[in-house]
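# Per-entry structural report
Below, each chain spelled out in residue letters.
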Protein chains: 2
Amino acid sequence: MGAEVLIVARESDRWVDAVAGLAREHFQVTVASPEASVDTSQVRILIGAPPDLRSRLAHCPKLAWIQSTWAGIDALREHMSPSLTITPLKGVFGASMSEFVLGWLLALERNIIVRAHQKHWLPEVEGNVVGKRLGIMGAGDIGSEVAHRARAFGLEVTGLNSSGEDQPGFTRCYATDARDEFACGLDYLVSILPATQATDGIVNDNLLARLAPGAIFMNVGRGNAVVEADLAAALQRGALRYAVLDVFEEEPLADDHPLWHTPGVFITSHTAAPTPDTAIPAVFARNLKQFLAGAPLKGAVDPRRGY
Amino acid sequence: MGAEVLIVARESDRWVDAVAGLAREHFQVTVASPEASVDTSQVRILIGAPPDLRSRLAHCPKLAWIQSTWAGIDALREHMSPSLTITPLKGVFGASMSEFVLGWLLALERNIIVRAHQKHWLPEVEGNVVGKRLGIMGAGDIGSEVAHRARAFGLEVTGLNSSGEDQPGFTRCYATDARDEFACGLDYLVSILPATQATDGIVNDNLLARLAPGAIFMNVGRGNAVVEADLAAALQRGALRYAVLDVFEEEPLADDHPLWHTPGVFITSHTAAPTPDTAIPAVFARNLKQFLAGAPLKGAVDPRRGY
């Protein structure tokens, strides 16, 4: 009999044994590399990184549930349907994302990147983040965790999400339609937005022009949100001081991409919030219990919203 | 008649006009540069930076109160007496100090200093601060503010102070005598200690040897706390990963000082927590009201403790 559960993973993935053990208590399980050929005619549950799963979906007629090992499931966007449950990895990225966002904001405002290489005394007073205004696009679970840390530093934090519904940690949340108002006068703009049609190119010249002069922009969501030409222009005319970019339309970002050499741009390698080793088994165990009970899975993607 | 209030300041000090205005409502006021010759025979109140005031004290027979414009009053240590009230600038440094301490910790753990100069994709997972253990030497007002922000990032924070008295934000505080136990297994050690005889050389080989392997040390208090040779040795043998030093026995740190070129050492220029422009008038106004009423001044130095 073919596998009922297919785990697609690389040899270096440390979560595989724990997840396979959990699944074997109830199902026939196969673990395969992304490139391996596998009979998927009986597969009900797929587990792995969305880009590694996409090509297999057409060959899984019995598929009921995909457990993504990533937060972002945009690679599966075209395959969403009411009969397929997709659970992104949730509730495990907030701590790391917060460290990245606050770490870079503080490093830039407190001049840490320059100071780290200085070899003589220079008692110039540095900038501060206290009292500044931070806007977070994508005010959900992760955004709330970032907002919570930012407020501890005396930042005023507002959020943007599709409904404008208030979220913990935010002074106020705005709906996507009110994003001009949301962006007005922000000292720092951070995107944690998922990749959906509604977020394509949302960070454009119109939005960037509304920020406070010398603002800092950070993208730790998905690359689709940013119109790169508009971003480069805002940096060039000094409207933006810095942009910290962790995500891109195409990853890895090519060595000859002009962003590597755009003044004011800092590039990281989709490293803002990696998956902790223990997170995938913990989330899978919780979801599996619900799945076996025929109950709804917490945090499953809503096909209408796309996230 | 000679001045009753002497303000010692530099032309660039932006707080002078506001403080002089407050004092003139009640007293004859003179504003002088640190180098100027002034008749101080009638001076009851001195306002300025401790090193600029020290040489004048012998010529102020009527002196009753010194308002320091710095948090550290170690330059006045030899002049403390029960008949002289000395008020350090308090309650205004916590925000900036917290930004500096967390900013550097995050920059080092998240590899921001290296990433800032990288020109190709490198998806290596970085370190985290969440779950690490931070020890703060000098668990008082400023320490509490640092502890509060650090806890928001999931750090466990313990403190050290002379009495071992618990302070807000700390899981536990240790008395100075129990500093070996306090230091045991700390991932990060931060000194915010004032310069007193009790803190001279307290960060020595014995203390550093108790930290977790690869710990980070930060000095944002006063330079007297650190035995520099012991610190350099701990870095050299890899017991310490990094040291971030903002304060030194002699400031400015000379251009030919070996610390500038000690691997793992980052040097800033006593810039961790500069005085905000608005803070000095606000603190002086509050203290002046008490002084005029003959009431005790909040936060005045205890001559027995030396801070």
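Residues numbered from 1 in each chain as written. Chains lettered and ligands numbered in written order. Predicted model: local features only at pLDDT ≥ 70, side-chain atom pairs only at ≥ 80, totals over all residues. Heavy atoms only, no water.

### Things to note about helix 1 (residues 16-24) of chain B
Note that an α-helix has 3.6 residues per turn; residues three or four places apart therefore point the same way. All names here are of chain B. Within the sequence span of helix 1, burial applies to V16, V19, A20 and A23. End-on, the buried residues of helix 1 take up no more than an arc of 100 degrees, which puts them together on one face. Where helix 1 is buried, its residues contact strand 1 (5-8), strand 2 (29-32), strand 3 (45-48) and helix 9 (279-292). (Buried < 20%, exposed > 50% of the residue type's maximum accessible area, 1.4 Å probe, protein only. Helix = DSSP H or I, 4+ residues; strand = E, 2+ residues; numbered from the N terminus. Arc of directions from axis to C-beta. Contact = heavy atoms within 4.5 Å.)

### Comments concerning the sheet that holds strand 11 (residues 240-245) of chain B
Residue and element names in this part refer to chain B. Sheet architecture is open: seven strands sit in the order 8-7-6-9-10-11-12, paired in parallel fashion. Edge positions in the open sheet fall to strand 8 (172-175) and strand 12 (265-267), since each of these has one partner strand only. Going across the sheet, the axis of each strand differs from the next one's by a mean of 15 degrees, ignoring polarity. Against the sheet, helix 3 (residues 94-109) engages strand 9 (188-191), strand 10 (215-219), strand 11 and strand 12, with an angle of about 150 degrees to strand 10. Contacts from helix 8 (residues 228-236) reach strand 10, strand 11 and strand 12, with the element oriented near 140 degrees to strand 11. (Pairing = 2+ DSSP bridges. Axes fitted to C-alpha atoms, helices over the stretch in contact; angles between N-to-C directions.)

### Thoughts on the relation of the copies chain B and chain A
It takes a turn of 180 degrees to lay chain B on chain A, together with a shift of 0.0 Å along the axis; the resulting RMSD is 0.1 Å. Interpreted geometrically, this transformation is the action of a two-fold axis. Most of the interface of chain B is mirrored in chain A, where 100% of its interface residues again form contacts. (Least-squares fit on C-alpha atoms with pLDDT ≥ 70 in both.)

### A short note on the interface of chain B and chain A
Tallying the contact residues gives 49 residues for chain B and 49 residues for chain A. Summing the contributions of chain B and of chain A, the shared interface buries around 4,000 Å²; its carbon and sulfur component is 65%. If you look at where chain B meets chain A, you find 22 residue pairs in polar contact (both at pLDDT 80 or more). Mapped onto the side of chain B that touches chain A, the elements with two or more residues apiece are helix 3, helix 4 (112-115), helix 5 (141-152) and strand 12 of chain B. (Buried area = accessible area lost by both parts, 1.4 Å probe. Polar contact = N/O pair within 3.5 Å; in protein donor to acceptor, adjacent residues only side chain to side chain.)

### Topic: the sheet that holds strand 11 (residues 240-245) of chain A
Residue and element names in this part refer to chain A. If you trace the seven strands from one edge of the open sheet to the other, you get 8-7-6-9-10-11-12, paired in parallel fashion. Single-partner strands in this sheet number two, and they are strand 8 (172-175) and strand 12 (265-267). Going from strand to strand, the sheet's axes swing by 15 degrees on average, the running direction of each strand aside. One ladder, built from four bridges, connects strand 9 (residues 188-191) with strand 10 (residues 215-219); its direction is parallel. Looking at strand 10, one finds that L189 is bridged to F217. Of the strands in this sheet, strand 6 (133-137) and strand 7 (156-161) are in contact with helix 5 (residues 141-152), which crosses strand 6 at around 170 degrees. Its contacts with the sheet put helix 8 (residues 228-236) on strand 10, strand 11 and strand 12, and the angle it makes with strand 11 is roughly 140 degrees.

### Observations concerning the packing of aromatic side chains
Counted under the stated rule, the structure contains 15 aromatic pairs over all chains. The ring of Y307(B) has R305(B) lying over it, and the distance from NZ or CZ to the ring centre is 4.5 Å. (Phe/Tyr/Trp six-rings, centres within 6.5 Å; stacked < 30°, edge-to-face > 60°. Lys NZ or Arg CZ within 6 Å of the ring centre and 35° of its normal.)

### Considerations on the confidence of the model for chain A
The predicted structure's coordinates, where accompanied by low pLDDT, should not be read in detail. Per-residue pLDDT for chain A has a mean of 95; in total, 100% of the residues score no lower than 70. Overall fold confidence (pTM) sits at 0.87, and the ipTM for the predicted complex is 0.86. (pLDDT = per-residue confidence, 0-100.)

### Quick look at the pattern of salt bridges
A side chain of one charge can pair with a side chain of the opposite charge if their charged atoms are brought near each other. In this structure the tally under the stated criterion is 26 salt bridges over all chains. Between R110(B) and E99(A) there is a salt bridge; the shortest N-O distance is 3.7 Å. Placement of R110(B) in the loop between helix 3 and helix 4 and of E99(A) in helix 3 (residues 94-109) is noted, with the two residues assigned to different chains. Accessibility assignment for this pair places R110(B) and E99(A) in one class, buried. (Salt bridge = Lys/Arg side-chain N within 4 Å of Asp/Glu carboxyl O.)

### Side note on the pairing of strand 9 of chain B
Residues and elements named next belong to chain B. Residues of strand 9 alternate between two faces, with Y188 and V190 on one and L189 and S191 on the opposite face, all of them buried. Note: strand 6 (residues 133-137) against strand 9, four bridges, orientation parallel. Along strand 9, the bridge assignment pairs I136 with V190.

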